[in-house]
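Structural description and commentary
Okay, here's what each chain looks like letter by letter:
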Amino acid sequence: MPAKLGKDAEYMLRNILRKVNRNNLGDLLRKWDCLPEIDLAGKIKRDSVEEIVEKCAKKKIGYSRIADLELHYAESNSKSKTWSIWNVDKIGDTWETMEVESMQVKLQEQLELYFDVVEVNAHISGGTYWFRIHIDPVGKTKANTVYAVYCPSSPVLATANLKLNQKTFMLQAFVVVLNCHHCIEPHLTGHCVWSLIQLALKKYINNSPKELCENLPESIQTVLKRGSRKRKHDSIEENVKNLVFENLTTKKKCILKLEECFGQDELPKLEKIEYRLKTRFQGDVPDMKKDDDVFSCSITFEGSNVLEGVFNLAKCGYTSAKVKKQL
């Protein structure tokens, strides 16, 4: 009788494979490293899926290992989720050094205090710890899978799929595991988790002592270098073929000023920026002009890449406002 996977394990495995593009299937399996001998070259996806399921059954790969595969898939498709950043406030002067396996075990122990059934999977990628936390509150609410990314030796934690009724317990578990006082939400959310983490790390570094800035932990350096490349922009000489500038000296000064404010590297992708401020009405509507009281308002910028959009507005001369240093 041929070996078979458990019902839940096979369902999850087939569900993952169903969502993966055929061209990306080989790369995903290599990251997983549970079926190194498998060769999918020249096979249609349906045959590949059946072969993977069959080999997993023969090797008796259980639910936990397939959950590892799901975590790799979630990482490679992280932009399909909405991520929120949390800042954890450490106890003491230094961050506790912890391996990902040790953190996984401690997190499992803490979450079992709050939830009936919980399973934690983890791996390292790009200098960060990735976690898949499956919560199944038996007989209460629907099961949910939370994803978390933590940058070691830093206060930066990112979460996705975190439900409101689970938030307090989940954050408390991370506070205990990381030996921290509490978690603070800086209202930083978006789909590109790497960009969000980079923004949070830059803010942390700018507000840190000089000694830390000169001796950044390797994990933080790895994350900050990820995807870092020079911004592409046309030179003035190339633009002259299509446009005539009245003052090239002013144009050069503008570019230098922008590079000073925004840096020369491409900016992290951020889908939304909201400024909250207090101001007075400055228009000429009679009924409102009389009211000299200060009122609160918010200004929201939204788009696929807001920071580059602000840069381009300044480059075109439509705005002269600087962004915060950490941006």
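Summary of the structure given here. Bear in mind the structure is a predicted one, so any value in this text is a computation, not a measurement. In every chain, residue numbers begin from 1 and rise along the written sequence. Where local features are concerned, this predicted model is filtered to residues with pLDDT of at least 70; where side-chain atom pairs are given and counted, the filter is 80 or more; whole-chain, interface and lining totals use all residues. Computation of side-chain values covers all heavy atoms of the structure but excludes hydrogens and water.

Along helix 2 (residues 22–32), the residues that are buried comprise L25, L28, L29 and W32. Across the axial projection of helix 2, the buried residues extend over an arc of 100 degrees, all falling on one side. Away from the buried face of helix 2 by more than 90 degrees, exposed residues N23 and R30 are located. Tucked into the core, helix 2 has its buried residues touching helix 1 (7–19), helix 3 (45–58) and helix 4 (63–76). Under this definition, polar contacts are N or O atom pairs within 3.5 Å; protein pairs additionally need one hydrogen-donor-capable and one acceptor-capable atom, and for neighbouring residues in sequence, both atoms have to be side-chain atoms. Here a helix means four or more residues in a row that DSSP labels H or I, a strand means two or more in a row labelled E, and each is numbered from the N terminus. For helix 2, the N-terminal capping position is held by N21, with its side-chain oxygen 2.8 Å away from the main-chain nitrogen of N23. Following helix 2 by one or two positions, D33 adopts a phi angle in the positive range, close to 60 degrees. Buried residues are those whose accessible area, probed at 1.4 Å on protein chains only, stays under 20% of the maximum for their type, while exposed residues exceed 50% and partly exposed ones sit between those limits. Working note: the arc is built from the helix axis to C-beta atom directions. In what follows, a contact means two residues having at least one pair of non-hydrogen atoms within 4.5 Å.

Along strand 4 (residues 144–150), 7 of the 7 residues are buried, which leaves the element largely enclosed by surrounding structure. The pairing of strand 3 (residues 128–136) with strand 4 spans 7 bridges and is classified as antiparallel. Each bridged residue has a counterpart across the sheet, and for I133 the counterpart in strand 4 is V146. Whether two strands pair comes down to DSSP finding at least two bridges between them. Pairing between strand 4 and strand 5 (residues 156–160): 4 bridges, direction antiparallel. Looking at the pairing, Y150 lines up with L157 of strand 5. Hairpin connection from strand 4 to strand 5: 5 residues lie between these consecutive antiparallel strands, with S153 at a positive phi of about 60 degrees.

With that settled, the discussion passes to unusual backbone geometry. Its identity as a non-glycine residue notwithstanding, K60 has a phi of 55 degrees, on the positive side. Mapping K60 onto the fold places it in the loop between helix 3 and helix 4. In this structure, N179 is a non-glycine residue whose phi angle is positive, near 55 degrees. Here N179 is to be found in the loop between helix 6 (164–177) and strand 6 (180–184). Classification of N179 as partly exposed rests on a relative accessible area of 36%.

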